[in-house]
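# Descriptive structure summary
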Amino acid sequence: VPGDRIVGILTRGEGITIYPIHAEILREFDNEPERWVDVAWDIDASRRERFVARIRVSCRNEVGALAGITQTIGDHDANIENLVMARRSSDFYEMDIDVGVWDLTHLGGIISSIRQLPVVHEVQRAAA
């Protein structure tokens, strides 16, 4: 997502693979600093393109909870690309939602608004 800090990992014969700095896989390259390449986003501002970010939402299992969450995402001009119920119980459920956003600021606004919903226990960015 534009705004995320990113890094490239060089693989001989394949090129550079780009990862967000918080990606778990980067731990595998801790002892190989020569493979790390500094990279930065270079997005044409006139080109409107959404980027997918995953959020994990934990909320009460009650009528209208999902509707409120999805409405909040839509109210922020974001698109739900995928939704998976990760865990359910009689009281709570967790879901992973892949959201199409413009940039990191856009994603932050969505997360902040979802956190304010009375049915939501927790929301955080998750690995996509």
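Residues numbered from 1 in each chain as written. Predicted model: local features only at pLDDT ≥ 70, side-chain atom pairs only at ≥ 80, totals over all residues. Heavy atoms only, no water.

### Brief notes about the side chain of Arg35
Looking at where Arg35 falls in the secondary structure, it is placed in the loop between strand E2 (15-20) and strand E3 (36-38). In terms of polar contacts, Arg35 uses its side chain to reach the backbone carbonyl oxygen of Leu10, at 2.7 Å. (Helix = DSSP H or I, 4+ residues; strand = E, 2+ residues; numbered from the N terminus. Polar contact = N/O pair within 3.5 Å; in protein donor to acceptor, adjacent residues only side chain to side chain.)

### Considerations on the layout of surface pockets
Estimates place the volume of the second largest pocket at around 160 Å³. Taken together, Pro2, Ile43, Asp44, Ala45, Arg47, Arg48, Glu49, Phe51, Trp102 and Asp103 make up the lining of the second largest pocket. Looking at side-chain class alone, the lining of the second largest pocket contains five nonpolar, no polar and five charged residues. (1 Å grid on protein atoms, 1.4 Å probe; cavity = no way out; pocket = protein on both sides within 12 Å on 5 of 7 lines; lining within 4 Å. Points joined across faces, edges and corners; volume = space filled by probe spheres on them. Nonpolar A, V, L, I, M, F, W, Y, C, P; charged D, E, K, R; others polar.)

### Some remarks on the sheet that holds strand E4 (residues 51-60)
An order of E5-E6-E4-E7 is seen for the four strands of this open sheet, with the pairing classed as antiparallel. Because the sheet does not close on itself, it has two edges, and the strands there are strand E5 (79-88) and strand E7 (120-126). Going across the sheet, the axis of each strand differs from the next one's by a mean of 20°, ignoring polarity. Together, E4, E5, strand E6 (92-101) and E7 form the strand contacts of helix H1 (residues 65-75), whose direction differs from that of E6 by roughly 20°. Running over the sheet, helix H2 (residues 104-115) touches E4, E6 and E7 and is turned about 165° from E7. (Pairing = 2+ DSSP bridges. Axes fitted to C-alpha atoms, helices over the stretch in contact; angles between N-to-C directions. Contact = heavy atoms within 4.5 Å.)

### Details of unusual backbone geometry
Despite not being glycine, Asp77 shows a phi value in the positive range, around 60°. By the element assignment, Asp77 lies in the loop between H1 and E5. Here Asp77 falls in the partly exposed class, since its relative accessible area comes to 43%. (Buried < 20%, exposed > 50% of the residue type's maximum accessible area, 1.4 Å probe, protein only.)

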